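Below are the chains, spelled out letter by letter.
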Protein chains: 2
Amino acid sequence: MADEAPFQFLHNEVIHYIYKSAENGETENGKNITKLENMGFRVGQGLIERLTKDTARFKDELDIMKFICKDFWTCVFKKQIDNLRTNHQGIYVLQDNKFRLLSQLSAGKQYLEHAPKYLAFTCGLVRGALSNLGVKSIVTAEVSVMPACKTHITCPSSDQRHSHKD
Amino acid sequence: MADEAPFQFLHNEVIHYIYKSAENGETENGKNITKLENMGFRVGQGLIERLTKDTARFKDELDIMKFICKDFWTCVFKKQIDNLRTNHQGIYVLQDNKFRLLSQLSAGKQYLEHAPKYLAFTCGLVRGALSNLGVKSIVTAEVSVMPACKTHITCPSSDQRHSHKD
């Protein structure tokens, strides 16, 4: 039995619940992604606080990203990020070749349109974790081939720090 | 880092979300417990299906309850039920002396009134799991001393089966 199963099933149920409420006219459909993102944000904040309780201070932003890719990702998804790339100017791309929250969706292209609602929570999760570590960010995610997922992180503050140095 | 943390934080967030929606007038307050119970039901159905994929057929209802106390509880809460009691007529009491979903609440009596919303999901979880194994049940839970929790399961069908034998 995979350890992440309870989390995964609950996550699916949350998506189902939020979208079902919207159908009943309780909420606007367009707000659903935002709601999932916000829930992720708060969960990310809580998790990173507990995860970094006993860790050493981070050297820099890249050091933080490496922690997200290894410890944080493993805690939530029971695997590490497969590839981390950066332009060293505040843009990071995290690739997970087998993203767990998509693994219950069929691999065909016909379900690609449903991917965004399965990614919103995770975008918030990363943004919340970074936020608690003092890094403001914009986080988006994309799926081109199921179940691989690319998470794009843009940290505007890095550019500012860069400018200040000039 | 405890393995159940992502699940636990997400569970808290779901409660927060449902109660916050209610404050905004989107839903009736009285329905919140039912909503949490329903989410638990569906998660329980999914989990038990995956958990019992490769297990042998259960001998009887007590055998099923033992599975719930050991494998199912461990999967979700990373520990077994501490004590299982039954009257052998369809009533079961499962005691967890350190129930994980209450462990973030302070141990004082002043938070006892908040316990029901932290138990509703789990009641549904157990009812959903049993339902998928063909056991209809009524599941309630109570907390007298934090963070210990007693889950009461009543299976009306057992009494019927008992009567048929007479």
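Look up: the structure comes first, before these words.
Residues numbered from 1 in each chain as written. Chains lettered and ligands numbered in written order. Predicted model: local features only at pLDDT ≥ 70, side-chain atom pairs only at ≥ 80, totals over all residues. Heavy atoms only, no water.

Engineer: I tried to follow the pairing of strand 3 (residues 138-142) of chain B on my own but got confused; where do I start?
Structural biologist: Regular strands place side chains that alternate from one sheet face to the opposite one. All names here are of chain B. In this structure, strand 3 lies alongside strand 4 (residues 149-154), joined through 5 bridges in antiparallel fashion. Paired with T140 across the strands is H152, a residue of strand 4. Linking two consecutive strands that pair antiparallel, namely strand 3 and strand 4, is a turn of 6 residues. (Pairing = 2+ DSSP bridges. Helix = DSSP H or I, 4+ residues; strand = E, 2+ residues; numbered from the N terminus.)

Engineer: Can you walk me through the side chain of A:H11 in this structure?
Structural biologist: For A:H11, the position within the fold is in helix 1 (residues 5-23). A residue is classified by how much of its surface remains accessible, and A:H11, at 1% relative accessible area, is buried. Not counting the four nearest positions on each side in its chain, A:H11 is found in contact with A:L101, A:Y118, A:F121 and B:L10. (Buried < 20%, exposed > 50% of the residue type's maximum accessible area, 1.4 Å probe, protein only. Contact = heavy atoms within 4.5 Å.)

Engineer: Can you walk me through the environment of A:K79 in this structure?
Structural biologist: Residues and elements named next belong to chain A. Along the chain, K79 turns up in the loop between helix 3 (61-77) and strand 1 (83-86). Spatially, the C-alpha atom of K79 lies 19 Å from that of Y92, the residues being 13 residues apart in sequence. For K79, the residues in contact, after removing those within four places along its chain, are W73, T74, D96, N97, K98 and R100. Only 2.8 Å separates the side chain of K79 from the side chain of D82, close enough to count as a polar contact. A polar atom in the side chain of K79 sits 2.7 Å from the side chain of D96. (Polar contact = N/O pair within 3.5 Å; in protein donor to acceptor, adjacent residues only side chain to side chain.)

Engineer: Mind showing me how you'd approach the interface of chain A and chain B here?
Structural biologist: By a widely used convention, the size of an interface equals the accessible area lost when the partners come together. With 30 residues of chain A at the contact, the number on the chain B side is 30 residues. Summing the contributions of chain A and of chain B, the shared interface buries around 2,900 Å²; its carbon and sulfur component is 69%. The interface formed by chain A and chain B includes 2 salt bridges. Two residues, B:R42 and A:E13, come together in a salt bridge whose shortest N-O distance is 2.7 Å. Where chain A touches chain B, the interface holds 6 residue pairs in polar contact (both at pLDDT 80 or more). At the level of elements, helix 1, helix 2 (32-51) and helix 3 of chain A are the ones that each hand at least two residues to the side of chain A that touches chain B. For the side of chain A that touches chain B, the element with the most residues is helix 1 of chain A, which contributes 12 residues. Each residue belonging to the side of chain A that touches chain B can be placed in one class, and the counts come to 17 nonpolar, 6 polar and 7 charged. (Buried area = accessible area lost by both parts, 1.4 Å probe. Salt bridge = Lys/Arg side-chain N within 4 Å of Asp/Glu carboxyl O. Nonpolar A, V, L, I, M, F, W, Y, C, P; charged D, E, K, R; others polar.)

Engineer: Explain the relation of the copies chain A and chain B here, please?
Structural biologist: Put simply, the second copy of the chain is the first one after a rotation about an axis and a shift along it. The transformation that overlays chain A on chain B combines an axial shift of 0.0 Å with a rotation of 180°, and the residual RMSD is 0.0 Å. Taken together, the turn and the small shift mark the pair as related by a two-fold rotation axis. Identified as the residue of chain A closest to the rotation axis by C-alpha distance is A:F7, at 2.4 Å. A share of 100% of the interface residues of chain A reappears at the interface of chain B, consistent with the copies meeting face to face through the same patch. (Least-squares fit on C-alpha atoms with pLDDT ≥ 70 in both.)

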